[in-house]
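# Observations on the three-dimensional arrangement
The chain contents come next:
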Amino acid sequence: MSVSANRVWDAALGRIQLQIPRPTYDTWLRNTHALRLDDNLLVVGVPSAFAADWIEGRLQKLILDALSTVSDQALSVKFVVGDENPSSLSAYSSSNSQPASSIASIPNNEFSSEYSFSNFIVGPSNQLAYAASYSVSLGSHATYNPLFLYGGVGLGKTHLMNAIGHLATTQGKQVIYVTAEQFTNEYLRAIRERKTETFRTHYRSTDLLMVDDVQFLNGKEATQDGLFHTFNELYRNGSQLVMSSDRPAGELRLLEARLRSRFEAGLQADLGVPEFETRLAILQSIANASSTAIGQEYLEFIATYAHENVRTLRGVLNRFFAFIEFTGKKPSYDLAKIALGPLLVQEDSNSFGIPSILEASAKAYRLSVKTLLSPQRTKEASKARQLAAYLLKIKLGMSSEEIGETLGKRDRTTINYALIKAEEALVKDPHFKKLVKSLDSQAPDFNTFTDTTKSA
Ligand code: ADP
Ligand code: MG
């Protein structure tokens, strides 16, 4: 079986992420990585023994369930501490597994080539962050100092930092990457062990310091003090600083004002949720790197529905790959739907399908959607509304109230009446019947998407 441990774990994580609260996921699972798949045993690296215990104690069942869903074969899982696999991005957060007196931040040249600039797909949502990151790796822009990257989880902050580290290292620069959590642990330990001088020397010697997820420092005053001094010293020496955070610096309320203003002084670049084209390009680049061929239509399907963040997007595609490889089936919408899982249900309760149904119904009677939703009561408009109401009910399972709300704020009785008329028309009016049928087949989304949502 050629399925990599990584792919299975990624697929399982994508699923689990949707089932547990985000903070739980971020705390315990975000920094884990698959190490290998030995027969049926998946070995997963975690940052600390404590994390291993916690995950085993509370998440084991959920994890096994997710693994069985994505792999079709019974897998067991073992959690080990540390990074047997230095090429993995998340292996960086293994500070807790280091001997107590060493400095755990990433030394030069351990940046993974997997998370490079060339693997980072650029679009309007992340253009500035990308360009600025590239520029600071080459040391070409003093004004981008510090560079403050911010954006929600899974949008590429750590990827860019890794890319910066990789490129800057090849330029002969001394680079340190730490998570804010690691920085905190090291700093507090240095104080405890009276080794603040070692700590300072270590950080002072670098050309480029990156601190990931600085929102972690919120409220941690002692560490903020440590970072402030480190920051100033480096800045004075002309070293480059790069920070990342899940929100703009100005919104880090529990950060001392002096540190916040340091963060705000350079360039702040945000990473947003990528739009459809960028999501599709990301999927294409992953698919191109894979040996399994996947039709463009499935990538588009996934890009339409997995729009939360890039991590989820990758998780869904990897799950799709895993299904194909494990089951030996051909790619299909059905498998894609299973890979999307709960994402499809979420979508269904929102707005997907509604615009297309309204448009198609209005168009069928040569009306605009505006007229469809207006009080106008011509015969055509009534027919178009009956068609829309019927499709909204059958295809999206909407209640009469919801349909009324959607169709220009009409009341339930009006909609019930329209639905009765539609049922009648299906029997009596061949034109109407033909329309329903052709809209059905013309728009596979109506069928494929809704049916699954019920079963997925
Ligand atoms: P963050 O640190 O912002 O939470 P990560 O950098 O860990 O997010 O990104 C999550 C995943 O998504 C990683 O696998 C990363 O490689 C991928 N990713 C994010 N943005 C992009 C992008 N623009 N192009 C390609 N992959 C991306
Ligand atoms: Mg990150």
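Residues numbered from 1 in each chain as written. Chains lettered and ligands numbered in written order. Predicted model: local features only at pLDDT ≥ 70, side-chain atom pairs only at ≥ 80, totals over all residues. Heavy atoms only, no water.

A sheet is described by the order of its strands in space; here five strands give the open sequence β5-β6-β7-β4-β8, paired in parallel fashion. Single-partner strands in this sheet number two, and they are β5 (175-179) and β8 (267-270). Ignoring strand direction, the axes of neighbouring strands in this sheet form an average angle of 15°. In terms of strand pairing, strand β4 (residues 147-150) meets strand β7 (residues 240-245) through four bridges, oriented parallel. If you follow Phe 148 over to β7, its bridge partner there is Met 243. (Pairing = 2+ DSSP bridges. Helix = DSSP H or I, 4+ residues; strand = E, 2+ residues; numbered from the N terminus. Axes fitted to C-alpha atoms, helices over the stretch in contact; angles between N-to-C directions.)

What follows covers helix α8 (residues 221-236). End to end, α8 covers 22 Å across 16 residues, agreeing with the expected 22 Å (1.5 Å per residue, within 8%). What α8 keeps buried is the set Thr 223, Gln 224, Gly 226, Leu 227, Phe 228, Thr 230, Phe 231, Asn 232, Glu 233 and Leu 234. Each element contacted by the buried residues of α8 is listed here: α6 (180-192), α7 (196-204), β6 (208-212), β7 and α9 (257-264). Following α8 by one or two positions, Gly 238 has its phi on the positive side, about 80°. (Expected span 1.5 Å × (residues − 1). Buried < 20%, exposed > 50% of the residue type's maximum accessible area, 1.4 Å probe, protein only. Contact = heavy atoms within 4.5 Å.)

Ordered by their spatial adjacency, three strands build an open sheet running β1-β2-β3, and the pairing between neighbours is mixed. Where the open sheet ends on each side, the last strands, each with one partner, are β1 (33-38) and β3 (76-81). In this sheet, neighbouring strand axes are inclined to one another by 25° on average, regardless of whether the strands run parallel or antiparallel. Pairing between β1 and strand β2 (residues 41-46): five bridges, direction antiparallel. Of the residues in β2, the one forming a bridge with His 33 is Gly 45. On the sheet, helix α1 (residues 5-17) packs against β1, β2 and β3 and is oriented at approximately 125° with respect to β1.

It is worth spelling out the site of ligand 1 at this point. Lining the immediate environment of ligand 1, one finds 18 residues, of which Ile 121, Gly 154, Lys 157, Thr 158 and His 159 sit closest. Here Arg 30 contributes a side-chain N or O atom positioned 3.4 Å from an oxygen atom of ligand 1. Within the backbone of Gly 154, an N or O atom sits 2.6 Å from an oxygen atom of ligand 1. When isolated, ligand 1 has an accessible area of 560 Å², and the protein chains bury 96% of it. Mapped onto the shell around ligand 1, the elements with two or more residues apiece are α5 (157-170) and α12 (310-327). For the shell around ligand 1, a count of residues per class yields seven nonpolar, seven polar and four charged. (Near = heavy atom within 4 Å. Polar contact = N/O pair within 3.5 Å; in protein donor to acceptor, adjacent residues only side chain to side chain. Areas by Shrake-Rupley, 256 points an atom, 1.4 Å probe, with all protein chains shown as cover. Nonpolar A, V, L, I, M, F, W, Y, C, P; charged D, E, K, R; others polar.)

A one-sided burial pattern is seen for β8, the buried positions being Leu 267 and Ala 269 and the unburied ones Gln 268 and Asp 270. Judged from the four bridges that link them, β4 and β8 form a sheet pairing that is parallel. For Leu 149, the partnering residue across the bridge sits in β8 and is Ala 269.

The next subject is the confidence of the model for the protein. Mean pLDDT for the protein: 83, with 88% of residues reaching 70 or above. Contacts of residues 84-109 to residues separated by more than four positions or lying in other chains number 70 contacts, the stretch itself having pLDDT below 50. In this model residues 443-456 is a low-confidence stretch, pLDDT under 50, and it forms 25 contacts with partners more than four residues away in sequence or in other chains. (pLDDT = per-residue confidence, 0-100.)

With that settled, the discussion passes to the packing of aromatic side chains. Per the counting criterion, the structure on display carries 17 aromatic pairs. Between Phe 117 and Tyr 130, the ring centres sit 5.5 Å apart and the planes meet at 90°, which makes this aromatic pair edge-to-face. Remark: Tyr 130 occurs in helix α4 (residues 127-138) and Phe 117 occurs in the loop between β3 and α4; sequence separation between them is 13 residues. Accessibility classification places Phe 117 together with Tyr 130 in one group, the buried group. Here the aromatic rings of Phe 117 and Tyr 134 are separated by 5.1 Å at their centres, their planes lie at 75°, and the arrangement is edge-to-face. With Phe 117 in the loop between β3 and α4 and Tyr 134 in helix α4, this residue pair connects regions lying 17 residues apart in the sequence. (Phe/Tyr/Trp six-rings, centres within 6.5 Å; stacked < 30°, edge-to-face > 60°.)

To continue, consider the pairing of β7. With six of six residues buried, β7 lies mostly within the body of the structure. Covered by surrounding structure in β7 are Gln 240, Val 242 and Ser 244 together with Leu 241, Met 243 and Ser 245, the residues of both alternating faces. Examined bridge by bridge, β6 and β7 share four bridges and lie parallel to one another. Bridge pairing links Leu 208 to Gln 240 in β7. What joins β6 to β7 is α8, and the crossover it makes is right-handed. (Right-handed = clockwise from strand over helix to strand, strands pointing away.)

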